[in-house]
Structures are given as structure tokens and as C-alpha cells.
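# Architecture at a glance
Here is how the chains run, residue by residue.
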Amino acid sequence: MNVETYMREAIQEAKKAEALGEVPIGAVVVKDGEIIGRGHNLRETDHDPTAHAEMIAIRQATEHTGDWRLLGCQLYVTLEPCPMCSGAIMLSRIDTLVYGAYDPKGGCAGTLMNLLTDKRFNHQVTVMDGLMEEECGGLLRDFFRHLRSQRKVKK
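Computed from a predicted model, the values in this text were never measured in an experiment.

Before going further, it helps to examine the UniProt feature "active site" (unreviewed entry) in the protein. The feature "active site" (unreviewed entry), as given by UniProt, occupies Glu54 in the numbering adopted here. Classification of Glu54 by relative accessible area gives buried; the value is 4%. Apart from the residues lying within four places of it in its own chain, the contact partners of Glu54 are Ala27, Leu75, Val77, Leu79, Pro81 and Cys85.

The sheet built from five strands is open, its strands ordered β2-β1-β3-β4-β5 with mixed pairing. Both edges of this open sheet fall to β2 (34–40) and β5 (126–128), since each of them pairs with a single strand only. Across the sheet, the axes of successive neighbouring strands diverge by a mean angle of 15°, strand direction being ignored. Sheet topology places strand β3 (residues 73–79) next to strand β4 (residues 96–101); five bridges connect them, and they run parallel. Across the sheet, residue Gln74 finds its bridge partner in β4, namely Thr96. With respect to the sheet, helix α5 (residues 133–154) is in contact with β3 and β4, its orientation differing from that of β4 by roughly 60°.

Now for the layout of surface pockets. The calculated volume of the largest pocket comes to roughly 480 Å³. Every residue lining the largest pocket is counted, 17 residues in all, and those nearest its centre are Val23, Ile25, Leu79, Asp103 and Phe144. Grouping the amino acids of the lining of the largest pocket by side-chain chemistry returns nine nonpolar, three polar and five charged.

All right, on to the nonpolar core then. Across soluble globular proteins, you tend to see nonpolar side chains buried next to one another. Of all hydrophobic cores here, the largest spans 42 residues; its most connected members are Met7, Ile25, Val29, Leu75, Ile89, Leu97 and Leu116. When neighbours within four sequence positions are excluded, Ile25 is seen to be in contact with Glu13, Ala14, Ala17, Gly39, His40, Asn41, Ala53, Val77, Thr78, Leu79 and Leu140.

What follows concerns the environment of Tyr99. Within the secondary structure layout, Tyr99 lies in strand β4. For Tyr99, a relative accessible area of 0% puts it in the buried group. Spatially, the C-alpha atoms of Tyr99 and His123 are 19 Å apart, while their sequence positions differ by 24 residues.

Tallied over the entire structure, the rule returns eight salt bridges. Of the charged contacts, one joins Glu135 and Arg8 as a salt bridge, the two residues approaching to 3.1 Å between their closest N and O atoms. Of this pair, Glu135 sits in helix α5 while Arg8 sits in helix α1 (residues 3–19), placing them 127 residues apart in sequence. What emerges from the salt-bridge pattern is a single network uniting Glu9, Glu13, Lys16 and Arg38.

In this section: helix α4 (residues 83–91). For α4, the full list of buried residues reads Cys85, Ser86, Gly87, Ala88, Ile89 and Met90. At its buried positions, α4 is contacted by α3 (53–65), β3 and β4. Note on α4: the residue one or two positions beyond its end, Arg93, has a positive phi of about 70°.

Another point: the packing of α3 against α4. Helices that pack against each other are described as a pair by the angle of their axes relative to one another and the distance between those axes. At a minimum axis separation of 9 Å, α3 and α4 run at an interaxial angle of 20°. Overall, the two elements α3 and α4 adopt an arrangement that is roughly parallel. The hand of the α3/α4 crossing is left-handed. Counted together, Glu54, Met55 and Ile58 of α3 and Met84, Cys85, Ala88 and Ile89 of α4 form the full contact between these two elements. Of the residues assigned to the contact of α3 with α4, the class counts are six nonpolar, no polar and one charged.

Calculation notes
Residues numbered from 1 in each chain as written. Predicted model: local features only at pLDDT ≥ 70, side-chain atom pairs only at ≥ 80, totals over all residues. Heavy atoms only, no water. UniProt positions renumbered as here; feature names shortened; annotations may be inferred. Buried < 20%, exposed > 50% of the residue type's maximum accessible area, 1.4 Å probe, protein only. Contact = heavy atoms within 4.5 Å. Pairing = 2+ DSSP bridges. Helix = DSSP H or I, 4+ residues; strand = E, 2+ residues; numbered from the N terminus. Axes fitted to C-alpha atoms, helices over the stretch in contact; angles between N-to-C directions. 1 Å grid on protein atoms, 1.4 Å probe; cavity = no way out; pocket = protein on both sides within 12 Å on 5 of 7 lines; lining within 4 Å. Points joined across faces, edges and corners; volume = space filled by probe spheres on them. Nonpolar A, V, L, I, M, F, W, Y, C, P; charged D, E, K, R; others polar. Core = buried A, V, L, I, M, F, W, Y, C linked by side-chain atoms within 4.5 Å. Salt bridge = Lys/Arg side-chain N within 4 Å of Asp/Glu carboxyl O. Parallel < 35°, antiparallel > 145°, perpendicular 65-115°, else oblique. Left-handed = near helix turned anticlockwise from the far one by under 90°.

Structure follows, in C-alpha cells:
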């Protein structure tokens, strides 16, 4: 499989979040060509500020491997990770992050800062940004456009 195939899997996860009324963000963790962790946003559903797609996918991957270290793994996510998720990516020792849409308000994998490549930390992550950016960003734009139109109707 190639990087676009894995990002399409992350997009499918984002669509699961959207079906639940969650912000459509999805993630998958890959090791040796196999998806070992999947996640989509569940913050509203679980009433949990840490229930981001990346966090859920990382937890599932560590359960799969039986180790907190995800050496040799890649994480594909539809939106640039926030500070919390960037920290978890680094601390779990994921090798590579691939993300779609940039996050100008919270992105910590290159936009506002890049926690993942900072040499002051004991682990750095290779970052590939902008993969299928238009499709990933479109999911978010459409979701928020729909949300705003619903709010106008209620007024």
C-alpha cells in the first residue's frame, strides 16, 4: 500500500466521526504495512478532551503491540496534530507522521511550531505534511459550514 491508501483509511475514520456529529478527524497507525490502530474524534461523545483521533489510534496500536513504544510505525491523520497529540506521537516513539490539512489555530507539527522535530527532545519524528490536503480540509470546511448554517436556522 502507498501513503494515499493509508490516508484514505484515515479519511474513512474522519467520516465515522462526522456521522456521530463529531469534528471529522481520523487517524491510523501503520506498522510493516498493516494498520494496527484506528481512531476518530470522540470528544463530544465521550465527554473527554483527550479523545482525539490520534490518541485513540495510538492507544489501540499500543494494545496491539503490547508495548508503549511504537518504533517502526507511521501515523496518518487528516489534520495537523495539536500540542497534546504531537507530544503523544513523540513520546510513543512513532517514526513518521503524515498529515493532510494544516491547522492554523493549533497545529504543532509545523504550522504554529514543530514539537516533533525539535532537537531538544530525545526523539524526533519525520513529518510529511499536506498529503491529500484539499480532501482532508474539505471535510472540515463542509462540517463547519453545515454547523454554522444550522445555528442560523435556529435563530
